[in-house]
Amino acid sequence: MEIKTKTGHDIAQCAELLKSGKLVAIPTETVYGLAANGFDSKAVSGIYEAKGRPHFDPLILHIGEMRQVETLSTNFPDKAQKLAKAFWPGPLTLILPKSNRVPDIVSAGLQTVGIRMPRHETTLELLKNLDFPLAAPSANPFGYISPTTAQHVYDQLNGKIDYILDGGECSVGLESTIVSFAIENPVILRMGGISVEDIESVIGKLEVKNQSTSNPSAPGMLISHYAPKTPLLLGDITKLITQLSSKNFGVLGFKTTYGYPGETLSKTGNFREAAQNLFSALRRLDNQNYDAIIAEELPEAGLGRAINDRLKRAEKKS
Ligand code: TXA
Ligand code: MG
């Protein structure tokens, strides 16, 4: 019989479970993570198994204090330090050259490692109780929509993990922005909870290289990701509707659903609110048995770009 995964607020119990190599879902400001002791290869391999995630896709290490970077990385360049000072704790992941303290299974064999300090009190408290970083990808089955509540995690990983630490609804709702320092000039590998404009205001112009690819050597930037089971079409709502043969569809609109059934991301057109609602709204639409979800493209600025990026990856690929 499958054992039911407990959901609760017991930080001390989570610390004990993690110390003994178990898997715990943790809240962060972006999305829930599926965490294990980042120094314990065996525990980390359990993450890949529970998620059904390919082993070529590396994990992020979550830390509670800036000085941990020194033990995890061999080089913390000036610009990376500036970003960390500006945005940690917060939705920023830095890719840095890895030290030999980081197991190969975490970095999926790469010479670099992703590090971030999440902005969530519960998880920061948990990290204080641990003398290791937490390796954690988003706590969703590989390729599906990321979870932004404890219930989302439970719905998909019940029985596969040992505890879900409930920290309420995620405040940002989009995964972290990833900035890589793997080569001389930093590049943005994934748009996320911090806008490109905000990153550039600290370290100047940089390349955004998160173009979709199905090449495993560019991990994590897979074309199809964050996808609902219902086919999703992205673009201009009124144009898309004329192209549909079925009347059984739901609209994912930015400020309105144009009178059709569906979900509105932010009535006032606020990007932050839209980001926070995105994954929950997608899940609700996906549970309606529609033949299609029609999603509206947002203006290409600020967090709108990151939201469009997720919607493009969620789009039906023919
Ligand atoms: O907001 C977030 O970043 C959430 C929360 C839980 O912290 N985590 C998250 O993890 O989104 P995950 O594994 O779902 O996405 C991390 C992405 C993956 O696409 C992975 O390929 C990429 O980061 N990544 C990790 N380490 C990398 C590395 N060394 N080089 C290039 N990409 C890396
Ligand atoms: Mg993910």
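Residues numbered from 1 in each chain as written. Chains lettered and ligands numbered in written order. Predicted model: local features only at pLDDT ≥ 70, side-chain atom pairs only at ≥ 80, totals over all residues. Heavy atoms only, no water.

Notes on the pairing of strand β3 (residues 33–37)
Alright, step 1. Counting buried positions along β3 gives 5 out of 5 residues, so the element sits mostly inside the fold.
Alright, step 2. Relative to β3, strand β2 (residues 24–26) runs antiparallel, the two being bridged by 3 bridges. Opposite V24, over in β3, you have A35 as the bridge partner.
Alright, step 3. The antiparallel hairpin formed by β2 and β3 contains 6 residues in its connecting segment.
Alright, step 4. Note that β3 and strand β7 (residues 134–135) share 2 bridges and pair antiparallel. Its bridge partner being in β7, N37 is matched across the sheet by L134. (Buried < 20%, exposed > 50% of the residue type's maximum accessible area, 1.4 Å probe, protein only. Helix = DSSP H or I, 4+ residues; strand = E, 2+ residues; numbered from the N terminus. Pairing = 2+ DSSP bridges.)

A look at the pattern of salt bridges
Alright, step 1. Evaluated as defined, the whole model comprises 13 salt bridges.
Alright, step 2. One salt bridge in this structure joins D104 and K98, with 3.7 Å as the shortest N-O distance.
Alright, step 3. A residue is classified by how much of its surface remains accessible, and K98, at 12% relative accessible area, is buried.
Alright, step 4. Look at the salt bridges and you will find they share partners, linking E175, D309, R310 and R313 into a network. (Salt bridge = Lys/Arg side-chain N within 4 Å of Asp/Glu carboxyl O.)

Quick look at the site of ligand 1
Alright, step 1. Taken together, 24 residues lie around ligand 1, and T30, D57, H62, S176 and R190 are the ones closest in.
Alright, step 2. R116 has a polar side-chain atom sitting 2.9 Å from an oxygen atom of ligand 1.
Alright, step 3. Within the contact set of ligand 1, an oxygen atom lies 2.9 Å away from a side-chain nitrogen or oxygen of R190.
Alright, step 4. Within the complex, 96% of the 670 Å² of free accessible area of ligand 1 lies under protein.
Alright, step 5. For the shell around ligand 1, the secondary structure elements donating two or more residues are β4 (60–62), β6 (112–116) and β10 (187–190).
Alright, step 6. The leading source of residues in the shell around ligand 1 is β6, at 3 residues.
Alright, step 7. In terms of residue class, the shell around ligand 1 is made up of 12 nonpolar, 7 polar and 5 charged. (Near = heavy atom within 4 Å. Polar contact = N/O pair within 3.5 Å; in protein donor to acceptor, adjacent residues only side chain to side chain. Areas by Shrake-Rupley, 256 points an atom, 1.4 Å probe, with all protein chains shown as cover. Nonpolar A, V, L, I, M, F, W, Y, C, P; charged D, E, K, R; others polar.)

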